[in-house]
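Residue-level listing of the chains:
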Amino acid sequence: MGRGQGHGPGVVVVGAGAAGTAAVGTLRAQGYDGAITVVTAEPGTPYNRTTVSKGLLKGQFGVDAVVLPEAATPGVVWRENDPAISLDPAGRRLNLAGGVELGWDALIIATGAAPRTWAGPAGPAARERIVTVHTAPDAHRLRALAGLTGSPARRVAVLGGGIIALEVAGVLHAAGAEVTVASRTPTSMTRHLGPTVGTWVAGQHDRHVRHVTGASLARAAWTDGDLRLELTDDGQVLDVGQSLDVGQSLDVGQVLDVDVAVLAYGTEPATAWLAGSGLPATGGITVDDRFRVHHTPGVYAAGDVARVLGPDGLPRSGGHWALAVEQGRHAARTALFDLGMTPAEPDPFDALPTFTSDAYGTRLTVIGHPGGAATETVVDGDPATDAFTVAGLDPAGAVVSAVGVGPALPALRLRETIRTGGQPASR
């Protein structure tokens with residue numbers, strides 16, 4: 001239940017993912033010696049979640065190999081498997097599912113995001129085989145259902161077209177599973193990576209697995225040993241024939257028979273527990289550029305649960321591990337300043353989002369917000385190959401993002417150009 005020691009209200013951190021644990025480490029590193037309590041819905045020691053759809057799903061290592069170093073921070077009470085259920089910001093009271101009520105001097109909300117669910121018609125047996133991939137237990141369950149733990153690899157439908165869908169499909173394909181990717185749009189990754197790389201990703205799906213587009217899950221049933229999925233396009237049942245080779249589009253047929261389905265329809269900020277709190281939490285908690293929750297003294301939010309106001313006054317989500325870590329650290333520094341523990345207020349947050357992914361064995365390096373670029377240009381390589389780099393540009397032609405397919409260095413070299421708003425170099 002609890003690990004460590006703590007006395008007095010101190011700092012309470014809700015969430016033990018990237019942002020929450022980074023905040024804990026920063027509090028101690030900055031010399032804070034008061035009580036720190038971490039509240040988390042999950043059991044066990046906090047770990048690196050980016051490995052769930054990669055190394056953990058592959059079975060390359062166990063969760064003990066990716067425990068976060070902040071788990072060893074001294075003098076921290078870890079309230080595991082005891083989620084927060086309600087909050088009274090004015091009274092500075094936090095209520096937990098186990099019946100405990102906590103007070104705080106500073107509260108850092110870092111509950112992250114939760115996978116979107118599907119509420120369509122399906123019996124209990126079918127729902128047992130429709131899974132998400134968000135936690136280590138999720139990865140272990142999918143490995144067993146997909147036949148990656150010793151039994152023959154099975155038929156798997158990956159429903160969705162984002163990063164998690166791409167990574168999961170790649171891992172399962174490499175392990176020998178018969179994979180079908182069903183996404184809602186022909187180039188679903190365009191809004192994340194821009195049109196050039198989005199088109200390339202769609203081509204990777206076409207090359208490696210069965211691929212159906214314009215498809216959403218409408219109904220599921222467990223029938224004669226098959227998980228039968230009905231896919232629809234704007235309410236019309238799609239034809240998804242069953243005798244196609246890898247590389248062919250699925251089009252003609254009414255149902256898709258598989259052994260397990262992975263629901264990868266993205267995530268939503270984990271804010272349901274804040275209902276009635278009065279916090280601005282619709283679609284995420286809106287915070288300023290130092291992670292203070294608006295009009296709520298002593299409360300901060302960071303990571304996937306937060307929406308940070310940018311220079312244009314519009315809220316932006318994080319969505320990636322490295323950025324969540326930096327946000328958690330920044331929120332902790334702001335809290336310490338507000339508590340009078342440090343002399344200088346942190347600068348406005350301006351870390352550049354950066355993450356990596358994998359597309360059927362080809363590395364992707366993403367910097368900035370490619371989906372928000374006005375136009376884009378290829379600055380290295382050739383999109384007809386698996387080695388090229390695309391720069392995203394704003395309306396004035398300044399570089400605002402970069403995506404490297406294959407080699408990472410050309411994209412990484414654009415980091416400073418993105419920071420300074422420079423123009424791309426001529427090829």
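The preceding data block contains the structure.
Since this is a predicted model, take the numbers as computed values, not measurements.

Q: Before we go on, may I ask you to explain the environment of Asp259 in this structure?
A: When you line up the elements, Asp259 lands in the loop between β16 (255–258) and β17 (260–263). Overall, Asp259 belongs to the buried group, its relative accessible area being 12%. With 33 residues separating them along the chain, Asp259 and Asp226 place their C-alpha atoms 5.8 Å apart.

Q: Where do I start with the packing of aromatic side chains in this structure?
A: Two aromatic rings, taken as a pair, are described by how far apart their centres are and by the angle between their planes. Counted by the stated rule, this structure contains 2 aromatic pairs. With centroids separated by 6.3 Å and ring planes inclined at 75°, the aromatic side chains of Trp200 and Phe388 adopt a geometry described as edge-to-face. Placement of the pair is Trp200 in helix α7 (residues 195–208) and Phe388 in strand β26 (residues 387–393), with a sequence separation of 188 residues. This pair shows no difference in class: Trp200 is buried, exactly as Phe388 is.

Q: Honestly, the side chain of Thr354 in this entry has me stumped. Any pointers?
A: Structurally, the position occupied by Thr354 is in strand β23 (residues 354–359). Polar side-chain contacts of Thr354 include one of 2.6 Å to the side chain of Arg415. Contact partners of Thr354, with chain neighbours within four places excluded, come to Ala322, Val366, Ile367 and Arg415.

Q: When you look at the nonpolar core in this model, what are you seeing that I'm missing?
A: The nonpolar side chains of a soluble globular protein tend to be buried, and buried together. With 53 residues, the main nonpolar core has Leu87, Leu94, Leu107, Ile109 and Ile285 as its most contacted residues. Broken down by element, the residue count for this core peaks at 8 residues, all from helix α8 (residues 321–338). Beyond its immediate sequence surroundings of up to four residues, Ile109 is in contact with Val14, Leu87, Trp273, Leu274, Leu279, Ile285, Val299, Tyr300, Ala301, Ala302 and Val305. Core analysis: the next-biggest nonpolar cluster, separate from the first, contains 43 residues, Val197, Ala264, Phe355 and Val390 among them.

Q: So what exactly am I meant to see when it comes to the sheet that holds β17 here?
A: Sheets are built from strands paired through backbone hydrogen bonds, the pairs being either parallel or antiparallel. Ordered by their spatial adjacency, 5 strands build an open sheet running β9-β17-β10-β11-β12, and the pairing between neighbours is parallel. Since the sheet does not close on itself, it has two edges, and those belong to β9 (130–131) and β12 (210–213), each with one partner. With 2 bridges connecting them, β9 and β17 associate as parallel partners. In the strand pairing of β17, Ile130 is matched with Ala261.

Q: When you look at the sheet that holds strand β25 (residues 375–382) in this model, what are you seeing that I'm missing?
A: The sheet built from 5 strands is open, its strands ordered β23-β24-β27-β26-β25 with antiparallel pairing. In this open sheet, the two edge strands, each paired with only one partner strand, are β23 and β25. Strand-to-strand, the axes of this sheet are offset by a mean angle of 15°, without reference to chain direction. In this structure, β25 lies alongside β26, joined through 7 bridges in antiparallel fashion. Residue pairing in the sheet places Thr375 in a bridge with Leu393 of β26. Seen against the sheet, helix α5 (residues 163–174) touches β23 and β24 (362–368) and runs at an angle of roughly 40° to β23.

Q: Looking at this structure, I do not really get the pairing of β23. What am I missing?
A: It is a general feature of regular strands that their side chains alternate between the two faces of the sheet. Bridge count between β23 and β24: 6 bridges; the pairing is antiparallel. When the bridges of β24 are listed, Thr356 appears paired with Thr365. Linking β23 to β24, which pair antiparallel, is a turn of 2 residues; within it Tyr360 sits at a positive phi near 50°.

Q: Even after reading the chapter, I still don't get the pairing of strand β4 (residues 84–88), so can you show me in this structure?
A: Across 4 bridges, β4 lies against strand β5 (residues 93–96) in antiparallel orientation. Note that in β5 the partner of Asp88 across the bridge is Arg93.

Q: How do you make sense of α8 when you look at a structure like this?
A: For an α-helix the count is 3.6 residues per turn, leaving residues at separations of three or four pointing the same way. With 18 residues, α8 should cover 26 Å at 1.5 Å per step; its first-to-last C-alpha distance of 26 Å lies within 8% of that length. Every buried residue of α8 is accounted for by Trp321, Leu323, Ala324, Val325, Gln327, Gly328, His330, Ala331, Ala332, Thr334, Ala335 and Leu336. Considering only its buried residues, α8 is in contact with α1 (18–29), β7 (106–109), β20 (299–301) and β21 (306–309). The first or second residue beyond α8 is Gly340, which carries a positive phi of 80°.

Q: Got a minute to help me understand empty space enclosed by the protein in this structure?
A: Gaps left between atoms show up when a probe the size of a water molecule is rolled over them. Scanning the entire structure with this criterion turns up 2 cavities of 30 Å³ or more. Estimated volume of the largest cavity: approximately 40 Å³. Lining the largest cavity we find Gly161, Ser183, Pro186, Thr187, Ser188, Met189, Gly198, Val201, Ala202, His205 and His211. A total of 4 residues in the lining of the largest cavity trace back to one element, the largest contributor, which is α7.

Q: Help me understand the packing of α1 against α8, please; the structure alone is not making it clear to me.
A: Two quantities define a packed helix pair, namely the angle between the helix axes and the distance between the axes. Relative to each other, α1 and α8 sit at 40°, their axes nearing to 7 Å. Considering the angle they form, α1 stands oblique to α8. Between α1 and α8 the crossing geometry is right-handed. Of the residues in α8, those in contact with Ala18, Ala19, Ala22, Ala23, Thr26 and Leu27 of α1 are Trp321, Ala324, Val325, Gly328, Arg329, Ala332, Arg333 and Leu336. For the contact of α1 with α8, the per-class residue count stands at 10 nonpolar, 2 polar and 2 charged.

Q: Quick question: what am I supposed to make of the environment of Gly421 here?
A: Counting through the fold element by element, Gly421 comes out in the segment after α10 (415–420). For the pair formed by Gly421 and Val399, sequence separation is 22 residues and the distance between their alpha carbons is 5.8 Å. Not counting residues within four places of it along the chain, the set of residues in contact with Gly421 comprises Ala398 and Val399.

Q: Looking at this model, I keep getting lost on the environment of Trp78. Mind explaining?
A: Among the structural elements, Trp78 can be located in strand β3 (residues 76–79). On the basis of relative accessible area, Trp78 is assigned to the buried category, the value being 2%. For the pair Trp78 and Gly198, spaced 120 residues apart in sequence, the C-alpha separation works out to 41 Å.

Reading the values: rules and limits
Residues numbered from 1 in each chain as written. Predicted model: local features only at pLDDT ≥ 70, side-chain atom pairs only at ≥ 80, totals over all residues. Heavy atoms only, no water. Helix = DSSP H or I, 4+ residues; strand = E, 2+ residues; numbered from the N terminus. Buried < 20%, exposed > 50% of the residue type's maximum accessible area, 1.4 Å probe, protein only. Phe/Tyr/Trp six-rings, centres within 6.5 Å; stacked < 30°, edge-to-face > 60°. Polar contact = N/O pair within 3.5 Å; in protein donor to acceptor, adjacent residues only side chain to side chain. Contact = heavy atoms within 4.5 Å. Core = buried A, V, L, I, M, F, W, Y, C linked by side-chain atoms within 4.5 Å. Pairing = 2+ DSSP bridges. Axes fitted to C-alpha atoms, helices over the stretch in contact; angles between N-to-C directions. Expected span 1.5 Å × (residues − 1). 1 Å grid on protein atoms, 1.4 Å probe; cavity = no way out; pocket = protein on both sides within 12 Å on 5 of 7 lines; lining within 4 Å. Points joined across faces, edges and corners; volume = space filled by probe spheres on them. Parallel < 35°, antiparallel > 145°, perpendicular 65-115°, else oblique. Left-handed = near helix turned anticlockwise from the far one by under 90°. Nonpolar A, V, L, I, M, F, W, Y, C, P; charged D, E, K, R; others polar.

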